[in-house]
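Residue-level structure breakdown
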4 protein chains.
Amino acid sequence: MKRSKIGQFRAALYVQLEPKAWGYGLSPLNWIICVLILLSFITAVLETEPTVSAGYETVMRWLELGFSLVFLCEYVARLWCCVESRQYKSALLGRLRYSMTPAALLDLVAVLPLLMGLLGVQTLLLRFVRLLRIVRLAKFGKFSRAMHHVVLAISSRRYELSISMAIAVSMILLASILLYLVEGDVQPEAFGSIPRALWWSVITFTTVGYGDVYPITNLGKFFAGLTAIASIGLVAMPTGILASAFSDAMQKGRVEEKKYGLYSSKNSKID
Amino acid sequence: MKRSKIGQFRAALYVQLEPKAWGYGLSPLNWIICVLILLSFITAVLETEPTVSAGYETVMRWLELGFSLVFLCEYVARLWCCVESRQYKSALLGRLRYSMTPAALLDLVAVLPLLMGLLGVQTLLLRFVRLLRIVRLAKFGKFSRAMHHVVLAISSRRYELSISMAIAVSMILLASILLYLVEGDVQPEAFGSIPRALWWSVITFTTVGYGDVYPITNLGKFFAGLTAIASIGLVAMPTGILASAFSDAMQKGRVEEKKYGLYSSKNSKID
Amino acid sequence: MKRSKIGQFRAALYVQLEPKAWGYGLSPLNWIICVLILLSFITAVLETEPTVSAGYETVMRWLELGFSLVFLCEYVARLWCCVESRQYKSALLGRLRYSMTPAALLDLVAVLPLLMGLLGVQTLLLRFVRLLRIVRLAKFGKFSRAMHHVVLAISSRRYELSISMAIAVSMILLASILLYLVEGDVQPEAFGSIPRALWWSVITFTTVGYGDVYPITNLGKFFAGLTAIASIGLVAMPTGILASAFSDAMQKGRVEEKKYGLYSSKNSKID
Amino acid sequence: MKRSKIGQFRAALYVQLEPKAWGYGLSPLNWIICVLILLSFITAVLETEPTVSAGYETVMRWLELGFSLVFLCEYVARLWCCVESRQYKSALLGRLRYSMTPAALLDLVAVLPLLMGLLGVQTLLLRFVRLLRIVRLAKFGKFSRAMHHVVLAISSRRYELSISMAIAVSMILLASILLYLVEGDVQPEAFGSIPRALWWSVITFTTVGYGDVYPITNLGKFFAGLTAIASIGLVAMPTGILASAFSDAMQKGRVEEKKYGLYSSKNSKID
């Protein structure tokens, strides 16, 4: 059956737009979109810095408008092309079902700043979401496999990691209660309540240690020292758990690959 | 043998209260108790923050009284029901023996703030202990197994971890002696004695680094730099030990499960 | 075939200069060169410290000139000798090909400060490059093997490490956007734009925590606390990945050694 | 052959003093000595703190004299008893050889503060050395085995750890050169020379981050951010190496134990 010229164009566009249809690596069109996403994000970041954006406010607003329009076109194109896939064949229902997939919703979110910018709403976080679309597009074989390993490792030890997190939270709470009792009267601004002492406790346990608050009494320093030493365990436990998890996950991953021939370099062009 | 209505109620209550009797997951009653424990703790924490509790002091005192009374009722109920278990069958001696178990003592501690609050004693730490009761109640199958792994991993390497701790303590002591000798005369307030230098030493070794004290002489900075570099080993050693420990513990755990069918999802309702 | 005296000298010099020709360990001449490289670097470092170099400026300039001349002689000698190797036998073309090898180019860079010093250009970074020549010369068998393990471990997990790095960068960006939105108006100097908030975000995530900027609002402290806790994962993930990678790399390395007899202590004198 | 009363006493004293002769655990006499060593160290530490030692200077000097005399008696006793061992049987030569063993020299060092205190020399570091004697005495079976594992793990990866240390030192040097070039003119006090920038570099790389010096220019902050991110690798690499090393060391250790029956709980009373 010969297809019309528009049909041929739609099929070609579909292969360009859909990572699964293109197979291995990024298609030229998706490369351009990824670069535009990055540029759009960098523009959004630089826009906030007055020493850079001063005098270029109008330029940047137009740039942002341009990026948003491109993403809008991309969204419409994806919606138009999606019927090429067997999954979403029906012209209306297929497109509706496609537009409800997480990937399509993510693409929609990338267009939202256009609308919200017109309404004068802060759109920075939405523009950050656009970055996630790079992940959606860049389905390189080897990165997918590595991502699979990382997810496998973390999820296989989710209970151990939860327990290590629960122990950490308990110790952070205990340390803040102790320091509140010991230093609360001496430094009411910093340790005058448990929520205030919590700030110190978290910053000390994670070994960030800004130095904006620290104990000054001898007993407070003693407990703070114990807290600091306990923080070694706080880091060592999840690290140890993850280390053993990655060992297992990679062995499992290798076995799976041999068994099912997953992640083979040969990918069919159309899913 | 037909049981009286009270007997039937006691049996039902026992299943609700005793995690082992309920089997997998949390019973509805224990869910409520866990939420109350959390609420009681959050109330205790917020009570200490004047900007939050201002004007609500009476409300919070009544809340705390309410929580304590609920926990008192719960304690009495547990004591009344415990004879349902085969272990504590005898009406008096069984209950006495039950009340001496760590779990029952922990429940008793949760009631203590009621009494001590009347006497005007600081009860914050006791209220923190209440949080531990969540651990006692939440005996989810998968968390228990993970907890088993964590305990197995740490206990199987307790000697290696002790040695790594001993090396760490020695290095902390050595660093504080060196800095005391080098900087003691220049900064008497910060390094004028070994106990004072210890504060710097612990905060540097654990890489917290508040910045309230730091060496200013060249020799002091040299030793402090060495201390900071040595701190990498301080973190790397226990982490490495724990990483290998978790690998072993999980393999052992898996073997045990296969052998003895531990942690199977089928649990008998009455122990 | 009897060689001329100059030919014999060139052959002897070649064995002294070329690590592969000498075989195991460092030849006496290369020992001297390594020491000179170190001395040249230490001179360059001390030259920048006015309290040390004051009054010795001329001495240090002459020292630097001396080191550079020695390295020039060494470069010329290496170029003269390289034809002893089978690879670069031809007098002109062999030498030209040798001078294009990375090792020879590195040696040339070590001579450049001589020229650039005459032109008055800052040469500190070039002198730092000289240090790399120690790595080129010190091809000890056991260090090479260890280096092989390290490279194998890192490269075998490059995708997993990239993903962990991508997650880290995303979280750093997200934290900086959040803090910019929350603290931007309160502390415009520190959080007034995303690039400014990025500085805080990187220093917090890596747990360095200078304390020059930190949030002061309650919401800002809440997000900063979450950021600090997330930083544990930032360290734990690559560490866990590397831990499992080193386990694998060393096993592979051992298998390879047994198979191919790599890194055997017997090395032929001339490659 | 019946031994004289003095001979019997010497034999009994030898068993009390010599950890190998006592076998498993600490003998009562060595327990007392360990406690005295700890007390002597604590006295030395507290002596330096004026708010504690004020008014007790004479008491503390007498205490120190007492401890030193006890350690002197102990040293003489050990020298007298050592001939009970087969190794040092000869009355004069055996004792001389014994006095040259590292253990005996360590005991001698513990006595030195007595002499040097009379001469008015600073003896703090020597008193710290006394703590090491606890290690020499406390040869518990399980700790020895764990120590064996730790030493085995670190020594089996000494080349990999050296390389990771060399990479770390190179990055610290590079960071200090970059910051010196970028910030040298702006903050001459903190970055005016490479040795000064090194202080910043070490404190940042090890994530201590006191905050006494930090970059203020944009380019300086950029390089400092890169340095901070690179520091994650600095910690992750040795940790990963050690983690795989401990896995191997414990497997090897277990194999050795099965093979040679090392560290069995049955120890002969006299070596």
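Predicted model only: the values in this text are computed from it and were never measured. (Residues numbered from 1 in each chain as written. Chains lettered and ligands numbered in written order. Predicted model: local features only at pLDDT ≥ 70, side-chain atom pairs only at ≥ 80, totals over all residues. Heavy atoms only, no water.)

Quick look at the pattern of salt bridges
What counts is decided by this rule: Salt-bridge detection follows one rule: a side-chain nitrogen of Lys or Arg within 4 Å of a carboxyl oxygen of Asp or Glu. Here a strand is any run of E in DSSP of at least two residues, a helix any run of H or I of at least four, and the numbering for each starts at the N terminus. Note on classification: 1.4 Å probe, protein chains only; a residue is buried when its accessible area is under 20% of the maximum for its type, exposed when over 50%, partly exposed between these limits.
Inspection of every chain in the model, using the stated rule, returns 32 salt bridges over all chains. Salt-bridge contacts for Arg196(C) lead to Glu49(A); the nearest nitrogen and oxygen are separated by 2.9 Å. Remark: Glu49(A) occurs in the loop between helix 3 (28-47) and helix 4 (50-53) and Arg196(C) occurs in helix 12 (residues 194-205); the pair is interchain, linking two chains. Judged by relative accessible area, Glu49(A) falls into the buried class, the value being 7%. Across the salt bridge formed by Arg133(C) and Glu74(C), the nearest N and O atoms sit 2.3 Å from each other. With Arg133(C) in helix 8 (residues 124-137) and Glu74(C) in helix 5 (residues 57-81), the pair connects residues that are 59 residues apart, well separated along the chain. For the pair shown, Arg133(C) and Glu74(C) are each scored as buried. Through salt bridges that share partners, Glu74(A), Arg78(A), Asp107(A) and Arg133(A) make up one connected network.

Points about the state of the cysteines
All names here are of chain A. The line we're drawing: Two cysteine sulfurs form what is called a disulfide whenever their separation falls within 2.5 Å.
The final tally for this structure, using the stated rule, is zero disulfides over all chains. Cys-81 takes part in no disulfide bond, and the closest cysteine sulfur, belonging to Cys-82, lies 8.1 Å away. Exposure remark for Cys-81: the relative accessible area of 1% places this residue in the buried category.

Considering the interface of chain A and chain C
Quick reminder of the rule: Every residue pair with non-hydrogen atoms within 4.5 Å of one another is taken to be in contact. Note on definitions: buried area is the accessible-area loss of two parts on being combined, 1.4 Å probe, summed for both. Polar contacts here mean pairs of N or O atoms no more than 3.5 Å apart (in protein, one a potential hydrogen donor and the other a potential acceptor; neighbouring residues in sequence count only if both atoms are side-chain atoms). Under the grouping applied here, Gly and all other residues not named as nonpolar or charged are polar, the nonpolar ones being Ala, Val, Leu, Ile, Met, Phe, Trp, Tyr, Cys and Pro and the charged ones Asp, Glu, Lys and Arg.
Between chain A and chain C, the residue contacts involve 38 residues of the former and 41 residues of the latter. Between chain A and chain C, the buried area comes to about 3400 Å², and carbon and sulfur atoms account for 77% of it. For the chain A face of the interface with chain C, the top three residues by lost area are Phe128(A), Trp199(A) and Tyr210(A), together amounting to 19%. For the pair chain A and chain C, the interface holds one salt bridge. Summed over the shared surface of chain A and chain C, the result is six residue pairs in polar contact (both at pLDDT 80 or more). Elements with a contribution of two residues or more to the side of chain A that touches chain C: helix 3, helix 4, helix 8 (124-137), helix 9 (141-156), helix 12 (194-205) and helix 13 (218-260) of chain A. Classifying every residue of the side of chain A that touches chain C by side-chain character gives 25 nonpolar, nine polar and four charged.

A look at the environment of Leu105(D)
Residue and element names in this part refer to chain D. On the secondary structure map, Leu-105 appears in helix 7 (residues 102-118). Owing to a relative accessible area of 36%, Leu-105 belongs among the partly exposed residues under this scheme. When the C-alpha atoms of Leu-105 and Glu-47 are compared, they prove to be 26 Å apart, with 58 residues separating the residues in sequence. When sequence neighbours within four positions are dropped, the list of residues in contact with Leu-105 reads Ser-99 and Met-100.

As for the packing of helix 1 (residues 5-17) of chain C against helix 3 (residues 28-47) of chain C
Residue and element names in this part refer to chain C. For clarity, the cut-off: Interaxial angles span 0 to 180 degrees and are taken between N-to-C directions of axes, which are lines fitted to C-alpha atoms, for helices over the stretch in contact. Working definition: roughly parallel below 35 degrees, roughly antiparallel above 145 degrees, roughly perpendicular at 65 to 115 degrees, and oblique for all remaining angles.
In contact at an axis separation of 7 Å, helix 1 and helix 3 are set at 50° when each is read in the N-to-C sense. Taken as axis vectors, helix 1 and helix 3 run oblique relative to one another. Of the residues in helix 3, those in contact with Leu-13, Gln-16 and Leu-17 of helix 1 are Pro-28, Leu-29, Asn-30 and Ile-33. Looking at the contact of helix 1 with helix 3 residue by residue, the class counts come to five nonpolar, two polar and no charged.

Topic: the UniProt feature "transmembrane region" (unreviewed entry) in chain A
Residue and element names in this part refer to chain A. Under the convention used in this document: UniProt positions are given in the numbering used here, feature names are shortened, and annotations may be inferred rather than shown by experiment.
With numbering aligned to this structure, UniProt lists the feature "transmembrane region" (unreviewed entry) at residues 21-45, 65-83, 104-125, 161-182, 194-216 and 222-246. Within residues 21-45, the helical portion is 80% and the strand portion 0%, while the C-alpha atoms at the span's ends are 33 Å from each other. Taken end to end, residues 65-83 is 89% helix and 0% strand, and its first and last C-alpha atoms sit 29 Å apart.

Overview of the environment of Arg157(C)
Tracing the backbone through its elements, the reader meets Arg157(C) in the loop between helix 9 (141-156) and helix 10 (158-183). Judged by relative accessible area, Arg157(C) falls into the buried class, the value being 4%. Sequence spacing of Arg157(C) and Glu74(C) is 83 residues, and the spatial spacing of their C-alpha atoms is 39 Å. Once residues within four sequence positions are removed from consideration, Arg157(C) is found in contact with Met250(A), Arg254(A), Ile241(C), Ser244(C), Ala245(C) and Asp248(C). At a separation of 2.6 Å, a polar atom in the side chain of Arg157(C) contacts the side chain of Ser244(C).

Side note on the nonpolar core
Inside soluble globular proteins, nonpolar side chains tend to come together where they are buried. Formally: To define a nonpolar core, start from buried Ala, Val, Leu, Ile, Met, Phe, Trp, Tyr and Cys residues and group those joined through side-chain atoms within 4.5 Å.
Formed by 181 residues in total, the largest nonpolar core has its most connected members in Trp200(A), Trp200(B), Trp200(C) and Trp200(D). Once residues within four sequence positions are removed from consideration, Trp200(A) is found in contact with Ala175(A), Leu179(A), Phe191(A), Val213(A), Tyr214(A), Pro215(A), Ala224(A), Thr227(A) and Tyr210(B). With 55 residues, the next largest nonpolar core counts Ala249(A), Ala245(B), Ala249(B) and Ala245(D) among its residues.

Notes on the confidence of the model for chain A
Under the convention used in this document: Values of pLDDT, ranging from 0 to 100, describe the predictor's confidence in every residue of the model.
Residues with a pLDDT of 70 or more make up 91% of chain A, whose mean pLDDT is 83. Counting contacts from residues 262-271 of chain A, a segment whose pLDDT is below 50, to residues more than four positions away or on other chains yields 19 contacts.

Quick notes on the domain arrangement of chain A
The cut-off we apply is this: Domain start and stop points were drawn from an automatic or database domain assignment.
Per the domain assignment, the segments of chain A are domain 1 (5-139) and domain 2 (154-260). Using only C-alpha atoms to locate each centre, domain 1 of chain A and domain 2 of chain A end up separated by 39 Å.

Looking at the side chain of Ser176(D)
Assignment of secondary structure puts Ser176(D) in helix 10 (residues 158-183). For Ser176(D), the contacting residues outside a window of four places in its chain are Ile194(D), Ala197(D), Leu198(D) and Ser201(D).

Quick word on helix 1 (residues 5-17) of chain B
All names here are of chain B. Selection criterion: Expected helix span is computed as 1.5 Å times (number of residues minus one).
Between its terminal C-alpha atoms helix 1 stretches 18 Å, which fits the 18 Å expected from 13 residues at 1.5 Å a residue. Of all the positions in helix 1, only Gly-7, Leu-13, Tyr-14, Val-15 and Leu-17 are classed as buried. In the core, the buried residues of helix 1 are packed alongside helix 2 (19-22), helix 3 (28-47) and helix 5 (57-81).

Things to note about the relation of the copies chain A and chain C
Selection rule: The least-squares superposition of copies is restricted to C-alpha atoms, and to residues with a pLDDT of at least 70 in both copies.
You can overlay chain A on chain C at an RMSD of 0.0 Å; the transform is a turn of 90° with a shift of 0.0 Å along its axis. Here the symmetry operator amounts to a four-fold rotation axis. A low fraction, 16%, of the interface residues of chain A reappear at the interface in chain C, so the copies pair through non-equivalent surfaces.

Digging into the side chain of Thr227(D)
Residue and element names in this part refer to chain D. Mapped onto the fold, Thr-227 is located in helix 13 (residues 218-260). On the basis of relative accessible area, Thr-227 is assigned to the buried category, the value being 6%. Of note is the side chain of Thr-227, whose polar atom sits 2.8 Å from the backbone oxygen of Phe-223. If we skip the residues at most four places from it in the chain, Thr-227 touches Ala-175, Trp-200, Thr-204 and Phe-205.

A word on unusual backbone geometry
Residue and element names in this part refer to chain A. The backbone of Thr-207 sits at a positive phi, close to 60°, despite the residue not being glycine. Looking at the secondary structure, you find Thr-207 in the loop between helix 12 and helix 13. Looking at Thr-207, the relative accessible area reads 8%, which means it is buried.

Here's the deal with the packing of aromatic side chains
Put simply, the test is: Stacked, tilted and edge-to-face are the three classes applied to pairs of Phe, Tyr and Trp rings, where Trp contributes its six-membered ring and a pair requires centres within 6.5 Å; stacked means planes under 30 degrees apart, edge-to-face means over 60, and tilted covers the rest. Lysine and arginine charges are scored as sitting over a ring when NZ or CZ, respectively, is within 6 Å of the ring centre and within 35 degrees of the ring normal.
Taken as a whole, this structure holds 27 aromatic pairs over all chains when the rule is applied. Where Tyr88(B) meets Tyr98(B), the ring centres are 5.5 Å apart and the plane angle is 70°; that geometry is what we call edge-to-face. Here the residue Tyr88(B) occupies a position in the loop between helix 5 and helix 6 (93-99), and Tyr98(B) occupies one in helix 6, the gap between them amounting to 10 residues. Ring pairing ties together the aromatic residues Trp199(A), Tyr210(A) and Tyr214(C), which thus form one cluster. Positioned above the aromatic ring of Trp80(A) is the side chain of Arg10(A), whose terminal nitrogen or guanidinium carbon lies 6.0 Å from the ring centre.

Quick word on the packing of helix 1 (residues 5-17) of chain A against helix 5 (residues 57-81) of chain A
All names here are of chain A. Counted only if it meets this: With the far helix as reference, a near helix turned anticlockwise by less than a right angle produces a left-handed crossing, and one turned clockwise produces a right-handed crossing.
Here helix 1 crosses helix 5 at 115°, and the two axes come no closer than 9 Å. Note that helix 1 runs across helix 5; the crossing there is left-handed. In contact with Ile-6, Phe-9, Arg-10, Leu-13, Tyr-14 and Leu-17 of helix 1, helix 5 contributes Glu-74, Ala-77, Arg-78, Trp-80 and Cys-81. The class makeup of the residues in the contact of helix 1 with helix 5 is eight nonpolar, no polar and three charged.

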